[in-house]
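Structural characterization, general
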Amino acid sequence: MSTFSRRKFLTTAGLSTVSAIALNACTGGEAPKTETTSAASPSASKSPTTSVSAAGAPEVTKAKLGFIALTDAAPLIIAKEKGLFEKYGMKDVEVLKQASWGTTRDNIALGSDAGGIDGAHILSPMPYLLTEGKITNGKKVPMYILARLNTNGQAMSIANDFKELKITLKSDSLKDSFTKIKSGGKEIKCAVTFPGGNHDLWMRYWLAANGIDPDKDVNTIVVPPPQMVANMKAGNMQAFCVGEPWNARLVAQNSGYTAFITGEFWKDHPEKAFTMRADWVDKNPKAAKAILAAVLEAQVWCEQAANKEEMCKIVGADKWLKVPPAEILGRLQGKVDYGDGRTLDNPDLAMKFWKDSASYPYKSHDIWFVTEDMRWGYLDAETDAKKLVDKVNREDLWKEAAKMIGKEADIPKSTSRGVETFFDGVKFDPENPSEYLKGLKIKKA
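The residue numbers shown here count from 1 along each chain, following its written sequence. A pLDDT threshold of at least 70 governs which residues receive local features in this predicted model, and a stricter bar of 80 or more applies before side-chain atom pairs are shown or counted, although totals over entire chains, interfaces and linings include all residues. Excluding hydrogens and water, the side-chain values take into account all heavy atoms of the structure.

Points about the overall build of the protein chain
Helical segments are the DSSP runs of H or I of at least four residues, strand segments are the runs of E of at least two, and each set is numbered from the N terminus. For the protein chain, the helix and strand inventory stands at 18 helices and 15 strands. By residue count, 60% of the 445 residues in the protein chain fall in the buried class. Long-range contacts, defined here as pairs at least 24 residues apart, represent 78% of the contacts in the protein chain between residues at least 6 apart. Shrake-Rupley sampling with a 1.4 Å probe provides the accessible areas, and residues are treated as covered by the protein chains on show and by no other component. As displayed, the protein chain has an accessible area near 16,500 Å², and 51% of this comes from carbon and sulfur atoms. The cut-offs for exposure are 20% and 50% of the maximum accessible area for each residue type, with area from a 1.4 Å probe on protein chains only; residues under the lower value are buried, those over the upper are exposed, and the others partly exposed. Contact between two residues is taken to exist if any of their heavy atoms lie within 4.5 Å; hydrogens are not considered.

Rendered as structure tokens:
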């Protein structure tokens, strides 16, 4: 059975660090950990200070924001390194490295007044799970999603043992291969980064589309992103789904290969979000918009092709991702070495920060995340998806911040991107999520 059974869910969700030897040593009672990485790189040029009127001055100048060592954390890192928080009057913002998504959750639940954080670079479904108290032992922690940080930019990685099977998006051999391994008495382990989070949903959808029940046919385990490569090298799992640069790093070390990038799975799919505690935003609305404006401006900067190399040098530094810039840059440009002889050069499938409304937090996308979490039992089957999304998604604040940075023309005309189509031909209509759910063969709900 999956390690994500209802009985074990909270224990698994509490995992904040996993060693390469003991993957299942979940430590839900651990003390939250953060690493302070607030000093700017000497090579990062600061943006000029913007004069903030007395009427528009933020209520506070301090906030603590978390991030995980992933390429899609770049907007927060660049906003810090380029002085963009200061530009909008938030001169005391700290950007703090988190050990895992479990740690991020723990520190958000605490809040900065209790030694935690006020907001974070986060998996898009997590603010909903926090708001509903599903990952905090029933304690509801109301959250707001203020922006999407990126689209695309993740991948499914497979152990080298399966290279001859040529496993990709749709692989008839996948189920037979897993069945054969199980019949030989060995467990199938597929690693994701957090129960109910983006990578868990990508993994589950992919397995189910290939006829594999993620709760019965495999063990779905939790591993923090920076520890994925070490665990694959140690032979602790057959597959993992994670954001970059860890898939590229696996290939660079010849320790596995990429089955597919998620832009192929669902083109321009939503990925990470920028979230803050609702009570902090409600108490400090001007400060929240100032922080958001800085993040949006950083996203615009990250999107520019001329800035990609500098971005990789900044985020690759030891205090941020601790990854050679060359291992970040390729996939950021859409150049993919799958590690099995295939290559791709398609910038349109690469990670996007601003282009094609990548930053806008479409409510239609959040309805899909909520619906998928209902599908797998992370949210109650009777959850009113639209009502919950309207409560958490603050696209209204995104629009105000976009105007602050002079990008009013980039505000989408609708809160919905419309019907979405996945690699297997299945369509999701955000106006009728229940019909989508009914049509899925493998599910809990």
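Picking up after the structure, the text goes on.
Digging into helix α4 (residues 101-110)
Counting buried positions over the ten residues of α4 gives nine, a clear majority of the element. Turning to α4, its buried residues number three or more, namely W101, G102, T103, T104, R105, D106, N107, I108 and A109. We define a polar contact as two N or O atoms separated by no more than 3.5 Å, with the added condition that, inside protein, one atom must be a possible hydrogen donor and the other a possible acceptor, whereas residues neighbouring each other in sequence contribute only through side-chain atom pairs. The distance from a side-chain oxygen at the start of α4 to the backbone nitrogen of G102 is 3.2 Å, and the residue carrying that oxygen is S100. Looking one or two places after α4, you find G111, whose phi comes out positive at around 80 degrees.

Section: the sheet that holds strand β8 (residues 219-222)
Strands qualify as paired when DSSP identifies two bridges or more between them. One open sheet holds the five strands; their spatial order is β8-β7-β9-β6-β10, and the pairing between them is mixed. At either end of the open sheet lies a strand with only one pairing partner, and these are β8 and β10 (257-261). Within this sheet the neighbouring strands show an average axis-to-axis angle of 25 degrees, counted without direction. The pairing of strand β6 (residues 154-158) with strand β9 (residues 239-243) spans five bridges and is antiparallel. With axes taken as lines fitted to C-alpha atoms, and helix axes fitted only over the stretch in contact, angles between N-to-C directions fall between 0 and 180 degrees.

So, the packing of aromatic side chains
Ring pairs are drawn from Phe, Tyr and Trp, using the six-membered ring of Trp, whenever the two centres fall within 6.5 Å, and their geometry is named by plane angle: stacked under 30 degrees, edge-to-face over 60, tilted for the rest. One pass over the full model with this rule turns up 22 aromatic pairs. Note on F265 and F422: the rings are 6.3 Å apart at their centroids and 70 degrees apart in plane angle, and the pair reads as edge-to-face. Note that F265 is positioned in helix α10 (residues 262-265) and F422 in the loop between β14 (420-421) and β15 (427-428), a separation of 157 residues in sequence. We classify F265 as buried; its relative accessible area is 1%.

Here's the deal with the layout of surface pockets
Cavity and pocket criteria rest on a 1 Å grid covering protein atoms alone: a 1.4 Å probe that fits but cannot get out defines a cavity, protein on both sides within 12 Å along at least 5 of 7 lines defines an open pocket, and an atom within 4 Å of a point defines a lining residue. Grid points are joined across faces, edges and corners, and a volume is the space filled by probe spheres set on the points. What the largest pocket holds in volume is close to 280 Å³. If you go around the largest pocket, you meet 14 residues; those closest to its centre are S112, D113, D118, W280 and N284. Every element with two or more residues in the lining of the largest pocket is listed here: β2 (62-67) and α11 (278-283). In the lining of the largest pocket, the residues fall into four nonpolar, three polar and seven charged. Here the nonpolar group is Ala, Val, Leu, Ile, Met, Phe, Trp, Tyr, Cys and Pro; Asp, Glu, Lys and Arg are the charged ones; every other residue, Gly included, is treated as polar.

Things to note about the pairing of strand β4 (residues 119-123)
Where burial is concerned, most of β4 is hidden: five out of the five residues are buried. Where β2 lies against β4, two bridges are found, and the strand directions are parallel. Along β4, the bridge assignment pairs G66 with A120. Pairing between β4 and strand β11 (residues 272-277): five bridges, direction antiparallel. Directly across from A120, in β11, lies its bridge partner T275.

Points about the environment of A191
Assignment of secondary structure puts A191 in strand β7 (residues 189-192). As for A191 and I221, which are separated by 30 residues in sequence, their C-alpha atoms are 4.8 Å apart. With residues up to four places along the chain from it excluded, the contact list for A191 reads M203, I221, V223, M228, M237, A239, F240 and C241.

Digging into the nonpolar core
Among the nonpolar cores identified, the biggest contains 136 residues, and F85, W206, F274, I291 and W368 are the most heavily contacted of them. A per-element tally of this core places helix α12 (residues 285-303) first, with 13 residues. If we ignore the near neighbours within four places in the chain, the residues touching I291 are A63, L65, F85, M90, V93, F274, M276 and W280. Only buried residues count toward a nonpolar core, which is a set of Ala, Val, Leu, Ile, Met, Phe, Trp, Tyr and Cys residues joined through side-chain atoms within 4.5 Å.

Focus: the side chain of N393
With respect to the secondary-structure elements, N393 resides in the loop between α16 (385-392) and α17 (395-404). By relative accessible area, which is 2% here, N393 ends up buried. Within the structure, N393 has its side chain in polar contact with the backbone oxygen of P361 (distance 2.8 Å). Separated by 3.0 Å, the side chain of N393 and the backbone nitrogen of E395 make a polar contact. Excluding residues that lie within four positions of it along the chain, N393 makes contacts with Y128, I145, P361, Y362, K363 and D366.

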